[in-house]
Amino acid sequence: EMARRLLQRNIKVDRFISSAANRALTTARLMMEEMKMSDKKVIVMPELYHAPPSVILSSIQQCDDRLNTIAVVCHNPGITLFANMIQGLRIDNVPTCGVLALKTAVKEWKQVLIENLVFDFFDYPKNVINRPLACPVAKRKREAYARFIPIYREDLPFDNTTNYEMFRCRST
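Rules behind the numbers
- Residues numbered from 1 in each chain as written.
- Predicted model: local features only at pLDDT ≥ 70, side-chain atom pairs only at ≥ 80, totals over all residues.
- Heavy atoms only, no water.
- Helix = DSSP H or I, 4+ residues; strand = E, 2+ residues; numbered from the N terminus.
- Buried < 20%, exposed > 50% of the residue type's maximum accessible area, 1.4 Å probe, protein only.
- Contact = heavy atoms within 4.5 Å.
- Areas by Shrake-Rupley, 256 points an atom, 1.4 Å probe, with all protein chains shown as cover.
- Arc of directions from axis to C-beta.
- Core = buried A, V, L, I, M, F, W, Y, C linked by side-chain atoms within 4.5 Å.
- Phe/Tyr/Trp six-rings, centres within 6.5 Å; stacked < 30°, edge-to-face > 60°.
- Lys NZ or Arg CZ within 6 Å of the ring centre and 35° of its normal.

*Asks:* What should I look at first to understand the overall build of the protein chain in this one?
*Replies:* Within the protein chain one finds 4 helices and 7 strands. Here the protein chain, with 172 residues, has 53% of them falling under the buried criterion. Long-range contacts, defined as pairs at least 24 residues apart, comprise 75% of the intrachain contacts of the protein chain with a sequence gap of at least 6. Within the structure as shown, the protein chain displays about 8400 Å² of accessible surface, and the carbon and sulfur contribution to it stands at 51%.

This is the structure in structure tokens:
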């Protein structure tokens, strides 16, 4: 369901970056399958397992500049702490399969800083306001899913108020 919601927003992920945890890898693979991605490679970064915000940011900064949209699949409490570092954003908890979308106008991933990330949207499976269909994730075992962050770049004039970049789903 969460992949369909991203597609409804015209977000097409170029590459998934995931913790080595089985639930995170399962989430990444299910998202790629639902998004009908032709290149089903997942970049596995073991350091994302229970990573603090600094490691999450570093994983983003290491991305290949040929990618415009990435999704980082990782865990709490790191993802919620990361979310709350974004200016003006306060989220009590990024739930399982929760999606935190951010944007930035940087030209290279290594230029991404907390200061140049801007909140786009936050969604999660039990969010009935934005949910047009029943969520199939609820019918599966909860422990098989992680949270994730898709991150996308747009050609925007760069300033500290209009930056776009990251979407994330974290795992428990």
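*Asks:* Got a minute to help me understand the environment of lysine 36 in this structure?
*Replies:* With respect to the helices, strands and loops of the structure, lysine 36 is situated in the loop between α2 (22-34) and β2 (42-44). We classify lysine 36 as exposed; its relative accessible area is 69%.

*Asks:* Would you take a moment to explain helix α3 (residues 53-61) for this structure?
*Replies:* Given 3.6 residues per turn, any residue in an α-helix points the same way as the ones three and four places further on. The set of residues buried in α3 consists of Pro53, Ile56, Leu57, Ser59 and Ile60. End-on view of α3: buried residues confined to an arc of 155 degrees, all on one side of the axis.

*Asks:* Got a minute to help me understand the nonpolar core in this structure?
*Replies:* Here is a general trend for soluble globular proteins: nonpolar side chains tend to be buried in one another's company. Among the nonpolar cores identified, the biggest contains 26 residues, and Leu48, Ile60, Ile70 and Phe82 are the most heavily contacted of them. Of all the elements in the fold, those that place two or more residues in this core are α3, β3 (69-75), α4 (78-83) and β4 (99-104). Counting residues in each nonpolar core, the second largest holds 21 residues, with Phe16, Leu25, Met35 and Val73 among its members.

*Asks:* What exactly am I supposed to notice about the packing of aromatic side chains here?
*Replies:* What characterises a pair of aromatic rings is the spacing of the ring centres plus the angle enclosed by the ring planes. Under the definition given, this model contains 1 aromatic pair. Both rings, one in phenylalanine 122 and one in tyrosine 124, keep their centres 5.5 Å apart while their planes meet at 40 degrees; by these two values the pair is tilted. Accessibility expressed as a relative area gives 21% for phenylalanine 122, which makes it partly exposed. The exposure class assigned to tyrosine 124 is partly exposed, which follows from its relative accessible area of 28%. Residue placement shows arginine 9 over the ring face of phenylalanine 121; its charged tip is 3.7 Å from the ring centre.

*Asks:* Please clarify how the environment of alanine 105 should be interpreted in this entry.
*Replies:* Its location among the elements puts alanine 105 in the loop between β4 and β5 (118-123). The buried category is assigned to alanine 105, whose relative accessible area is 4%. It is 7.7 Å that separates the C-alpha atoms of alanine 105 and asparagine 116, two residues lying 11 residues apart in sequence.

*Asks:* Quick question: what am I supposed to make of the side chain of arginine 15 here?
*Replies:* For arginine 15, the location among the structural elements is in strand β1 (residues 15-18). Residue classification places arginine 15 among the buried residues on the basis of a relative accessible area of 14%. Not counting residues up to four positions away in its chain, the partners in contact with arginine 15 are Met37, Asp39, Lys41, Ile43, Leu67, Thr69, Ile70 and Ala71.

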